[in-house]
Every structure is written in structure tokens, then in C-alpha cells.
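Architecture at a glance
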Amino acid sequence: MTQDEVLDEFRAAGALLEGHFILSSGLHSNRYLQCARVLMDPQRAARLCAVLAEQVRQLVTGHIDLVASPAMGGVVVGYEMGRQLGAPAIFFERVDGKLTLRRGFNIAKGARVVMVEDIVTTGLSSRECIKGIDEEGGITVGAACLIDRSGGKADIGVPLAALARLDIPAYPADKLPPELAAIPAIKPGSRGLK
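Residues numbered from 1 in each chain as written. Predicted model: local features only at pLDDT ≥ 70, side-chain atom pairs only at ≥ 80, totals over all residues. Heavy atoms only, no water.

What follows concerns helix 5 (residues 124–135). Every α-helix winds through 3.6 residues per turn, so residues three or four apart in the chain are directed the same way. End to end, helix 5 covers 16 Å across 12 residues, agreeing with the expected 16 Å (1.5 Å per residue, within 8%). Listing the buried residues of helix 5 in full gives S125, S126, C129, I130, G132 and I133. End-on, the buried residues of helix 5 take up no more than an arc of 155°, which puts them together on one face. For helix 5, the secondary structure elements touched by its buried residues are strand 3 (66–70), strand 4 (89–95), strand 5 (98–101), strand 6 (112–120) and strand 7 (139–148). In the stretch just after helix 5, G137 is the one whose phi turns positive, near 100°. (Helix = DSSP H or I, 4+ residues; strand = E, 2+ residues; numbered from the N terminus. Expected span 1.5 Å × (residues − 1). Buried < 20%, exposed > 50% of the residue type's maximum accessible area, 1.4 Å probe, protein only. Arc of directions from axis to C-beta. Contact = heavy atoms within 4.5 Å.)

The next thing to look at is helix 1 (residues 3–12). Buried within helix 1 are the following residues: V6, L7, E9 and F10. All buried residues of helix 1 project into a common sector of 150° when viewed along the axis, lining one side. Facing away from the buried side of helix 1 by over 90 degrees, the exposed positions are D4 and A12. Positive backbone phi, approximately 70°, marks G14, located one or two places after helix 1.

Across the interface, helix 1 lies against helix 3 (residues 42–59) with an axial gap of 12 Å and an inter-helix angle of 160°. By the angle between their axes, helix 1 is roughly antiparallel relative to helix 3. Between helix 1 and helix 3 lies a crossing of left-handed hand. Mapping the contact onto sequence places V6, E9 and A12 in helix 1 and R44, R47 and L48 in helix 3. Along the lines of polarity and charge, the residues of the contact of helix 1 with helix 3 split into 3 nonpolar, no polar and 3 charged. (Axes fitted to C-alpha atoms, helices over the stretch in contact; angles between N-to-C directions. Parallel < 35°, antiparallel > 145°, perpendicular 65-115°, else oblique. Left-handed = near helix turned anticlockwise from the far one by under 90°. Nonpolar A, V, L, I, M, F, W, Y, C, P; charged D, E, K, R; others polar.)

On inspection of all chains with the given rule, the structure shows 13 salt bridges. Note that E128 is salt-bridged to R94, the shortest N-O span being 3.1 Å. Residue E128 is located in helix 5, and its partner R94 is located in strand 4; the two are separated by 34 residues in the primary sequence. Residue classification places E128 among the partly exposed positions, given a relative accessible area of 22%. On the accessibility criterion, R94 (28% relative accessible area) is partly exposed. Salt bridges linked by common partners bring E9, D41, R44 and R47 together as one network. (Salt bridge = Lys/Arg side-chain N within 4 Å of Asp/Glu carboxyl O.)

Turning to the nonpolar core, a few remarks are in order. Core analysis: the largest hydrophobic core is formed by 35 residues, its most contacted members being F10, L33, V56, M81, L146 and I147. Among the secondary structure elements, those contributing two or more residues to this core are helix 1, helix 2 (35–39), helix 3, helix 4 (74–85), strand 6, strand 7 and strand 8 (160–165). Among the elements that line this core, the one with the most residues is helix 3, at 6 residues. In this view, V56 contacts I64, M81, L85, V114, A144 and A161; residues no more than four positions away in its chain are not counted. (Core = buried A, V, L, I, M, F, W, Y, C linked by side-chain atoms within 4.5 Å.)

With mixed pairing, the 6 strands of this open sheet are ordered in space as 5-4-3-6-7-8. Either end of the sheet is taken by a strand with one partner, and the two such strands are strand 5 and strand 8. Each neighbouring strand pair of the sheet contributes to a mean axis angle of 25°, computed without reference to strand direction. Strands strand 3, strand 4, strand 6 and strand 7 of the sheet are contacted by helix 4, whose axis makes an angle of about 170° with strand 3. (Pairing = 2+ DSSP bridges.)

By the definition in use, this model includes 2 aromatic pairs. Arranged with centres 5.6 Å apart and planes meeting at 35°, the rings of F21 and Y32 form a pair that is tilted. In this pair, F21 is assigned in strand 1 (residues 16–22) and Y32 in strand 2 (residues 28–33), connecting sequence segments 11 residues apart. Taken as a pair, F21 and Y32 share a single burial class, namely buried. Ring geometry for F91 and F105: centres 5.2 Å apart, planes at 75°, overall edge-to-face. Placement of F91 in strand 4 and of F105 in the loop between strand 5 and strand 6 is noted, with a sequence separation of 14 residues between them. By relative accessible area, which is 17% here, F91 ends up buried. (Phe/Tyr/Trp six-rings, centres within 6.5 Å; stacked < 30°, edge-to-face > 60°.)

Quick look at the structure:
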């Protein structure tokens, strides 16, 4: 599947939006990728994640024991990647500002883990999730996302597979270009501003 075909899947799902958006990182952008809309169709999710799972198999040598994701955006894609890779899938939740395992989830010491999420923009939540995996005793052997908004610039500390790498500019609130500042901002993501 080419990057254009991946973006066609997002367009078909009404998940590639244009306007003025506040991202979960707090940065502002003129484009927003709403992965929940892409993943709400089980066949589309399976199709996209099958391609991403193949990339992960090429990226990671050896067995994968577990898939771990940050909630909320990574829950569905993490589950589907676990299914595709034949590994259990768990997720970290934000509790008092820190990504934490709950619901009886745990990571066995030395478990080989792939961190999966929907979108990487700055890489912050990816790095937080990887830190959580490390603190639990797991070994993060690779990572994957549907879309890398950083165009490959975000350093998450491990190799990252992505269906598409886009260089979509994102701006701090006090440095918006005039054309973006002229449009009212909306926050379609799942995490509130800090």
C-alpha cells in the first residue's frame, strides 16, 4: 500500500480534515488526521494494520511478546496490531499526568514489546509509553504508527514503522501564521490542553 493509498483510506473515512486544529500536543495545525474515523471500520482497520504489521515484521527481528499502546488513540490500532502480529495487546492510561498500566495489565520482565499508536507528531506520548514499558521491565524492540506527522523527524528512541510519513507543520499558539490565526481553532482530539 502506497502513502497515497493510505491517505485515500483516510479521505474515504472522512478522517483527513482541513481547518485550524489544536493537537493533543497543544500545537496548532491546518490539517488533522482523525484515526478513530479510519479505525471504526473493522475491514479498513484490518487492511491498514496488515500492511503496518508487515513493516513491523521487517523492522523487528525475533519474537514479539506483546503490543503496548498509549490510550486513547492507540487502543484500537494497538489491539488490531496485536491481532495481526499474534501477540496480546495492552494499553497505558494517563493517571495524574503519567501513563500507567491499569486493569490488571502487566509486562513480564524481559518481554519483547512493540509500542503502537495512531499518530506520532512530536513523539512525546510514544516516548512516555516506551518509558512505561521500560519501567515495567519490558524491552521495546520497535514501534509503529499509522501516520508519522513529523515526516520522520520525531525521535522516539527506537525504530518506528509508519504507513505514511507526512511533514505537516504544527505551530505554538503564539507563533501562528496569519492565515491559520484567522480561522477559529477546534480541538477534535481526546486529550485536554495542559
